[in-house]
Each structure stands twice: as C-alpha cells, then as structure tokens.
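Fold and geometry: a report
Below are the chains, spelled out letter by letter.
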Amino acid sequence: MSATRFQRIMLKVGGEALMGSREYGIDPKAAMQVAEQIKQVYIKHVQIALVMGGGNIFRGIAGSKNGIERATADYMGMLATVMNALALQDALEKTGVPSRVQSALQMPAVAESFIRRKAMRHMEKGRVVILAAGTGVPYVTTDTGASLHALELKCNVLMKATKVDGIYEQDPKKFPKAKRFKSLSFTDAIQLDGIEVMDTAALAMAKENDMPVMVFELFKKNNLQKAVEGEDIGTYVSNNVQTQLVG
Ligand code: UDP
C-alpha cells in the first residue's frame, strides 16, 4: 500500500519545464529533473498519466499573431508537444521508469494513438502514460487536454506543475507581498481577475465534474512527492474547500 493521498494522478507539465535555463527548446538536463521527480512518486506505486505542453517550442496564439492561420498554428503547437513527449520519455527511460507515449494526432511511427482503455491498462501495469497533442483539436490548450484526459482516465486529481508555487491573490511578480492561496474554491478560482493559472475552460470542466486541481511548483526538490503525499505545498482547488490564504 502506498501512503499517498492520490492513487492515480494527471500531471500537466508545461513545455517550459523542459527548457531549463534556455530561452527556447529542450534542455535534456531539465527533462531529467522532471523525470527524477516523477520517479519519486512512481516508486510509491502512484499511477501517472501526464499531459505534455509545447510552449517551449511553439504556441498557436503566438504563431497566429505572426500571420499563420490560427488552426494551422495550433496544429503546429500540438506537434511541438509530441517532440516534448518523446524527450520526456527518453528521460524517464534513463531513470528506469517505463512509459508509453500516446498521441491525440495519429503518428504511428513515433507514438501509440490515444486509446482510453489502453492508457488505463498501461497505468495499471505500472507504466507512465505520456499524452501528446493535447485534445487533437485546435483552439484549446494542453490545460484543457489535461482536464479532459484526467476525467476520462479517472484520475483523482489534476496536478498542474508551474514555475510559481501555487495560486496567488495577485501576480507575485508585480506584487511581492501577495499571498498564496492554500486552498481555493472553484468558484473563486474562476473569478480571479487577471491571474492566469490555468485555462478557464479546463477549470470549469474540473469544477463541473468535481475533480480537484492542485497547482504547485515542479522544480523544487521532492515537490511532486510532497504534493502527492498531501503536504501543504501549492494551492488545492476544489468544490469542497473554503478559500484560504497561507499564514
Ligand atoms: N494545442 C491545441 N490543442 C490542444 C492542445 C494544444 O491546439 O488540445 C496547441 C496550442 O496552439 C497550444 C500549443 O498546442 O498553444 C502548445 O500547448 P500549450 O500552449 O498548452 O503548452 P504549454 O503552455 O503547456 O507549454
């Protein structure tokens, strides 16, 4: 038995987590750091599905601002997530964690196609499932893909790994004294003005289906393990909690 709070998690890893200190693309060392964090919870028998972002390589919105048709740019963004997924699989393999990449866009030479039952089976057999290409359709982001896949794969929680250690009452970069929310009701989370933690669509879907969301920082040592074990890091968003600031 594992002493973890969650048995099956959906981990949303933004593309920037693979960038390390680079300005663009993939730093294999950063991918290894992500893999090491995943290994810490994998060895505790937590089942892990992971949705990989692509923002370190290409974002549809940015592409469309530069003149590429939005849908085309979004498909390019989805392809970026496939590259990241392969990089993370490589890193996981090096740490000894078995994984499978499933893509929402068919790409049989490099990844399995996303098949819900197969993804669940992989997790049951102790393989991390890395989901690439988000939802497979344009005009949304990988946050929405993570929310959607978390629901259909019956994950206990959607864990969104970010560069900030949770959700703050105000942007902590602009307001250094801003406090972090320890817990946040979905209703309050959706109404937070100017705080972009996660797509509203992704949050709304989690709220409607009563799936908690945890926002936490991935690059602090042992943080994923702490979050999975229920330590008070990050921000826990749920229909069943009162909104509460830290301290
Ligand atoms: N994308 C999309 N549909 C999806 C998921 C992603 O069109 O279901 C595109 C979109 O252009 C997005 C890009 O892929 O900007 C990369 O994903 P995202 O921006 O979510 O990556 P992250 O910010 O998590 O690194």
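What counts, and where the lines are drawn
- Residues numbered from 1 in each chain as written.
- Predicted model: local features only at pLDDT ≥ 70, side-chain atom pairs only at ≥ 80, totals over all residues.
- Heavy atoms only, no water.
- Helix = DSSP H or I, 4+ residues; strand = E, 2+ residues; numbered from the N terminus.
- Expected span 1.5 Å × (residues − 1).
- Buried < 20%, exposed > 50% of the residue type's maximum accessible area, 1.4 Å probe, protein only.
- Pairing = 2+ DSSP bridges.
- Contact = heavy atoms within 4.5 Å.
- Polar contact = N/O pair within 3.5 Å; in protein donor to acceptor, adjacent residues only side chain to side chain.
- Near = heavy atom within 4 Å.
- Areas by Shrake-Rupley, 256 points an atom, 1.4 Å probe, with all protein chains shown as cover.
- Nonpolar A, V, L, I, M, F, W, Y, C, P; charged D, E, K, R; others polar.
- Salt bridge = Lys/Arg side-chain N within 4 Å of Asp/Glu carboxyl O.

In this section: helix α3 (residues 70-94). A rise of 1.5 Å per residue sets the reference length of α3, with its 25 residues, at 36 Å; its end C-alpha atoms lie 37 Å apart and thus fit the reference within 8%. Gly96 sits one or two residues past α3 and shows a positive phi near 90°.

Let us now look at the pairing of strand β3 (residues 99-103). Among the 5 residues that make up β3, 4 are buried, leaving the element largely enclosed by the rest of the structure. Where β3 and strand β5 (residues 128-132) come together, 5 bridges link them in parallel fashion. Bridge assignment links Ser99 to a residue of β5, and that residue is Val128. Where β3 lies against strand β4 (residues 112-113), 2 bridges are found, and the strand directions are parallel. Residue pairing across strands places Gln102 opposite Glu112, the latter belonging to β4.

With that settled, the discussion passes to the environment of Gln37. Positionally, Gln37 belongs in helix α1 (residues 28-42). In this structure Gln37 comes out as buried when scored by relative accessible area, which is 7%. Sequence spacing of Gln37 and Phe186 is 149 residues, and the spatial spacing of their C-alpha atoms is 27 Å. Ignoring any residue separated from it by four or fewer positions in sequence, one finds Gln37 in contact with Leu218, Phe219, Lys220, Lys221, Asn222, Asn223 and Leu224. In this structure the side chain of Gln37 is engaged in a polar contact, spanning 3.1 Å, whose partner is the backbone nitrogen of Leu224.

Despite not being glycine, Lys154 shows a phi value in the positive range, around 55°. By the secondary structure assignment, Lys154 is in the loop between α5 (142-152) and β6 (157-162). Under the relative-accessibility criterion, Lys154 is labelled exposed at 54%. A positive phi angle, near 65°, is found at Asn222, a position not held by glycine. Tracing the chain through its elements places Asn222 in the loop between β8 (213-217) and α8 (223-228).

With that settled, the discussion passes to the site of the ligand. Within the structure, the ligand sits among 20 residues, and Lys12, Gly15, Asp74, Thr135 and Thr142 are positioned closest to it. Note that an oxygen atom of the ligand is positioned 2.5 Å from one of the side-chain N or O atoms of Asp74. Interatomic distance of 2.6 Å between a side-chain N/O atom of Thr135 and an oxygen atom of the ligand. Relative to its unbound accessible surface of 520 Å², the ligand loses 94% to contact with the protein. For the shell around the ligand, the element with the highest residue contribution is α3, accounting for 3 residues. By residue class, the composition of the shell around the ligand is 5 nonpolar, 12 polar and 3 charged.

Attention now goes to the pattern of salt bridges. Counted according to the given criterion, the structure contains 12 salt bridges. Its salt-bridge partner being Glu16, residue Lys163 comes within 2.9 Å of it at the nearest N-O pair. With Lys163 in the loop between β6 and β7 (181-185) and Glu16 in the loop between β1 (8-13) and α1, this pair connects stretches of sequence that are 147 residues apart. With relative accessibility at 64%, the residue Lys163 sits in the exposed group. On the accessibility criterion, Glu16 (29% relative accessible area) is partly exposed. When the shortest N-O distance is used, the salt bridge between Lys182 and Asp232 registers 3.1 Å. Within this pair, whereas Lys182 is found in strand β7, its partner Asp232 is found in the loop between α8 and β9 (235-238), the two being separated by 50 residues in sequence. For Lys182, a relative accessible area of 31% translates into the label partly exposed. One continuous salt-bridge network, built from bridges that share partners, spans Asp165, Arg180, Glu217 and Lys220.

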